[in-house]
Amino acid sequence: MIGTQKNATKPDAVSELILNVLGMASNSLYNTGVYLSRQQYFENGKIISYGKLCKDLKVDENYKVMHSQAGQQTLKSVAEAFKSFQALEKKAKKAELNQKPKLPHYRAKGGMYQVVYPGQAIKIIDKNGTKFLEVPLGCPGKKYFEGIEAITLPYPKRLWGKPIKELRFIPTHESWYTEYVYEMGEVLQATGIHALGIDPGLNNWVSAVCTNGKSFLVCGKRLKSVNQWWNKTKAALSTAVSKQFGEDAFFTKRMARLTDKRNRQMRDATNKVARQVIDWCLNNAVVTVVFGCNLEQKQNINIGRKNNQNFVQIPTAKLRKRIEQLCELHGINYVETEESYTSKASFLDGDLIPKFGEKPEGYKPCGKRVKRGMYKTSSGECVNADLNGVANILAKVSTRLGLDLSRVGRGCLTQPMRFYA
């Protein structure tokens, strides 16, 4: 099993200069590869193979600046992009896609692209009990950088003893990140009989109900606050820049730092909440996760300026994908289902929950949502509105998956545990 750890990198002045040169060389090499591939496609409708790209571009000046294996990895990303385009094109011809795929585009001229090294090119060195990774620059690079043979960076202690498969230097907002791709080894596998239903939201980023009669909520208000502060601060800076330099405002270094920090906070919250959900599953004998989602619901959405900001910019799709990845890693069955009418129907009253577009004429649920966070059933019992929706998500797939919902009752829907993102 392969894992990835992403760290913010703070290289010294010399290493940063070298990375900047390699990043620009990788960017130019990528664009050259895209040009050759596009021309080949325009001429005969075919794409150039990875081997042909390496053969044609091994004399390119940008290829020569980079270590040969790093240059090959850049060209491999070009070949993979066009291979993906070709697969999508075949699906489009069979009318399996809603829109026609586009050829891979060029990257911005003068920008930087990732620099990737395979594990076999990296050397691990030990200095006084501390381990470092030595990344070679190759003979052409050594000549170009006037005798500097390699870049040295710390080896995260968490990864000691785990084989490094790939090392990536990724430029982001005038800084660099390092991704360590490593072999994970064995991980704990889930056992049990229960299923967990999940409904994503905003104030409650994750609402979950389990067939064992337990439930929990993950509060997302801190994440909303982080996102709102970033938007407010960035807007104020953009206004100040526009007033001073005209309408064509540019992205300042402070904006870059703010955006980078905000993105790190979002990624950190996504990973921690996904890990929290999976740990809960492992501790409560959960072997099935049912995630309620409506695909492409954020596309062209217009629910007001403030609601758009909160709803669209919170990385719920990334959370969903991360939970799916961890489920696969720990042997948990992951199921997605559409969640139409789950908020309106009353679970305790056993309301019918139709699919989208299949609502019967005269359909009326027994209960109703009386205010934010509260749902009242036909008998006047009040339950958490989000948890009522999650229980209905489980009910939608209970027959297909053979779920026993007998332990999901009023107590489960009114007394959840609460965690924080």
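Look up a bit, the structure's there.
About the thresholds
- Residues numbered from 1 in each chain as written.
- Predicted model: local features only at pLDDT ≥ 70, side-chain atom pairs only at ≥ 80, totals over all residues.
- Heavy atoms only, no water.
- Helix = DSSP H or I, 4+ residues; strand = E, 2+ residues; numbered from the N terminus.
- Buried < 20%, exposed > 50% of the residue type's maximum accessible area, 1.4 Å probe, protein only.
- Contact = heavy atoms within 4.5 Å.
- Areas by Shrake-Rupley, 256 points an atom, 1.4 Å probe, with all protein chains shown as cover.
- Lys, Arg positive; Asp, Glu negative; His and termini not counted.
- Charge placed at Lys NZ, Arg CZ, Asp CG, Glu CD.
- Expected span 1.5 Å × (residues − 1).
- Polar contact = N/O pair within 3.5 Å; in protein donor to acceptor, adjacent residues only side chain to side chain.
- Core = buried A, V, L, I, M, F, W, Y, C linked by side-chain atoms within 4.5 Å.
- Pairing = 2+ DSSP bridges.
- Axes fitted to C-alpha atoms, helices over the stretch in contact; angles between N-to-C directions.
- 1 Å grid on protein atoms, 1.4 Å probe; cavity = no way out; pocket = protein on both sides within 12 Å on 5 of 7 lines; lining within 4 Å.
- Points joined across faces, edges and corners; volume = space filled by probe spheres on them.
- Nonpolar A, V, L, I, M, F, W, Y, C, P; charged D, E, K, R; others polar.
- Parallel < 35°, antiparallel > 145°, perpendicular 65-115°, else oblique.
- Left-handed = near helix turned anticlockwise from the far one by under 90°.
- Phe/Tyr/Trp six-rings, centres within 6.5 Å; stacked < 30°, edge-to-face > 60°.
- Lys NZ or Arg CZ within 6 Å of the ring centre and 35° of its normal.
- Salt bridge = Lys/Arg side-chain N within 4 Å of Asp/Glu carboxyl O.

J.: Help me understand the overall build of the protein, please; the structure alone is not making it clear to me.
T.: Within the protein, the regular secondary structure consists of eleven helices and 16 strands. With the C-alpha coordinates of the protein rotated into their principal frame, the extents come out at 80 × 55 × 50 Å. Counting every position in the protein, which comprises 421 residues, the buried fraction comes to 43%. Counting contacts in the protein only where the partners sit at least 6 residues apart, residues at least 24 apart contribute 66% of the total. When the accessible area of the protein is evaluated, it comes to approximately 23,500 Å², of which 49% is carbon and sulfur surface. Each charge class in the protein was averaged separately, 65 positive and 37 negative side chains, and the resulting centres sit 4 Å apart.

J.: What exactly am I supposed to notice about helix H1 (residues 13-44) here?
T.: Helix length check: H1 (32 residues) gives 47 Å between terminal C-alpha atoms against 46 Å at 1.5 Å per residue, within 8%. A side-chain oxygen of the first residue of H1 lies 3.1 Å from the backbone nitrogen of Val14; this N-cap is Asp12.

J.: Where do I start with the nonpolar core in this structure?
T.: Inside soluble globular proteins, nonpolar side chains tend to come together where they are buried. Membership of the largest hydrophobic core comes to 41 residues, with the highest contact counts inside it found for Leu22, Tyr117, Leu167 and Phe169. For this core, the element with the most residues is H1, which contributes nine residues. Setting aside chain neighbours within four positions, we find Tyr117 in contact with Leu22, His67, Ala70, Ile122, Val135, Pro136, Leu137, Glu166, Leu167 and Phe169. If you look at the next biggest cluster of nonpolar residues, it comprises 30 residues, including Leu223, Val277, Ile323 and Tyr334.

J.: What's the story with the sheet that holds strand E6 (residues 164-172) in this structure? I'm lost.
T.: If you walk across this open sheet you meet the four strands as E1-E7-E6-E2, and the pairing is antiparallel. With one partner strand each, in any of the chains shown, strand E1 (2-9) and strand E2 (115-118) form the two edges of the open sheet. Across the sheet, the mean angle from the axis of one strand to that of its neighbour is 15°, orientation sign disregarded. Pairing analysis gives four bridges linking E2 to E6, with the strands arranged antiparallel. Within E6, the residue paired with Pro118 across the bridge is Glu166. Running at roughly 95° to E2, H1 makes contact with E2, E6 and strand E7 (175-183) of the sheet. Along the sheet face, helix H7 (residues 253-283) touches E1, E6 and E7 and points at about 25° away from the line of E7.

J.: How do you make sense of the layout of surface pockets when you look at a structure like this?
T.: Over the atoms, a rolling probe the size of a water molecule traces out where space has been left empty. Roughly 1,300 Å³ of internal volume is contained in the largest pocket. For the largest pocket, the lining is made up of 36 residues, of which Thr4, Lys6, Arg267, Asn271 and Arg322 are closest to its centre. Elements with a minimum of two residues in the lining of the largest pocket: E1, E6, E7, H7, helix H8 (305-313) and helix H9 (316-329). With eleven residues, H7 is the single largest residue contributor to the lining of the largest pocket. When grouped by side-chain class, the residues that make up the lining of the largest pocket number twelve nonpolar, nine polar and 15 charged.

J.: So what exactly am I meant to see when it comes to the packing of helix H2 (residues 50-57) against helix H4 (residues 68-93) here?
T.: Packed helices, taken two at a time, are described by the angle their axes make and the gap between the axes. It is at 9 Å that the axes of H2 and H4 come closest, and there the two elements cross at 135°. Judged by the angle between their axes, H2 and H4 are oblique. For the element pair H2 and H4, the recorded crossing hand is right-handed. Across the interface between the two elements, Tyr50, Leu53, Cys54 and Leu57 of H2 pack against Gln72, Leu75, Lys76, Val78 and Ala79 of H4.

J.: Is there a simple way to think about the packing of H1 against H4 in this case?
T.: Packing of H1 against H4 leaves a shortest axis separation of 9 Å and a crossing angle of 35°. By crossing handedness, the relation of H1 to H4 is classed as right-handed. Contact with H1, carried on its side by Ser26, Leu29, Tyr30, Gly33, Val34, Ser37, Arg38 and Tyr41, involves Gly71, Thr74, Leu75, Ser77, Val78, Ala81, Phe82, Phe85 and Glu89 of H4 and no other residues of that element. Partitioning the contact of H1 with H4 into residue classes produces nine nonpolar, six polar and two charged.

J.: How should I be thinking about the sheet that holds strand E13 (residues 368-371) in this particular structure?
T.: Adjacent strands of a sheet form backbone hydrogen bonds with each other and so pair up, either parallel or antiparallel. Here we have three strands laid out as an open sheet, ordered E13-E14-E15, and antiparallel in their pairing. A strand with exactly one partner marks an edge of an open sheet, and here the two such strands are E13 and strand E15 (382-384). Averaged over all pairs of adjacent strands, the angle between their axes in this sheet comes to 40°, without regard to strand direction. Note: strand E14 (residues 374-376) against E15, three bridges, orientation antiparallel. Across the sheet, residue Lys376 finds its bridge partner in E15, namely Cys382.

J.: Is there a simple way to explain the packing of aromatic side chains in this structure?
T.: Within a pair of aromatic rings, the relevant descriptors are the distance that separates the centres and the angle that separates the planes. Here the structure, examined in full by the defined rule, presents nine aromatic pairs. By way of ring pairs, the aromatic residues Tyr41, Phe42 and Phe85 are connected into one cluster. Above the face of the Tyr177 ring, Lys6 is positioned so that its terminal group lies 5.0 Å from the ring centre. Over the ring of Trp230 we find Arg262, and its NZ or CZ is 4.8 Å from the ring centre.

J.: I tried to follow the side chain of Asn388 on my own but got confused; where do I start?
T.: Structurally, Asn388 can be placed in helix H10 (residues 385-401). Using a relative accessible area of 1% as the deciding quantity, one classes Asn388 as buried. Dropping the residues within four chain positions of it, Asn388 is found in contact with Thr342, Ser343, Ala345, Ser346, Phe347, Tyr375, Val383 and Leu413.

J.: Got a minute to help me understand the pattern of salt bridges in this structure?
T.: Side chains bearing opposite charge may pair, as long as their charged atoms lie close to each other. Tallying each qualifying case throughout the model produces 13 salt bridges. Put simply, Lys142 and Glu149 hold a salt bridge, and the shortest N to O gap is 3.2 Å. Judged by relative accessible area, Lys142 falls into the partly exposed class, the value being 35%. Each of Glu166, Arg168 and Glu179 takes part in a single network of salt bridges with overlapping partners.

Read these as layout, nothing more, since geometry by itself doesn't imply function.
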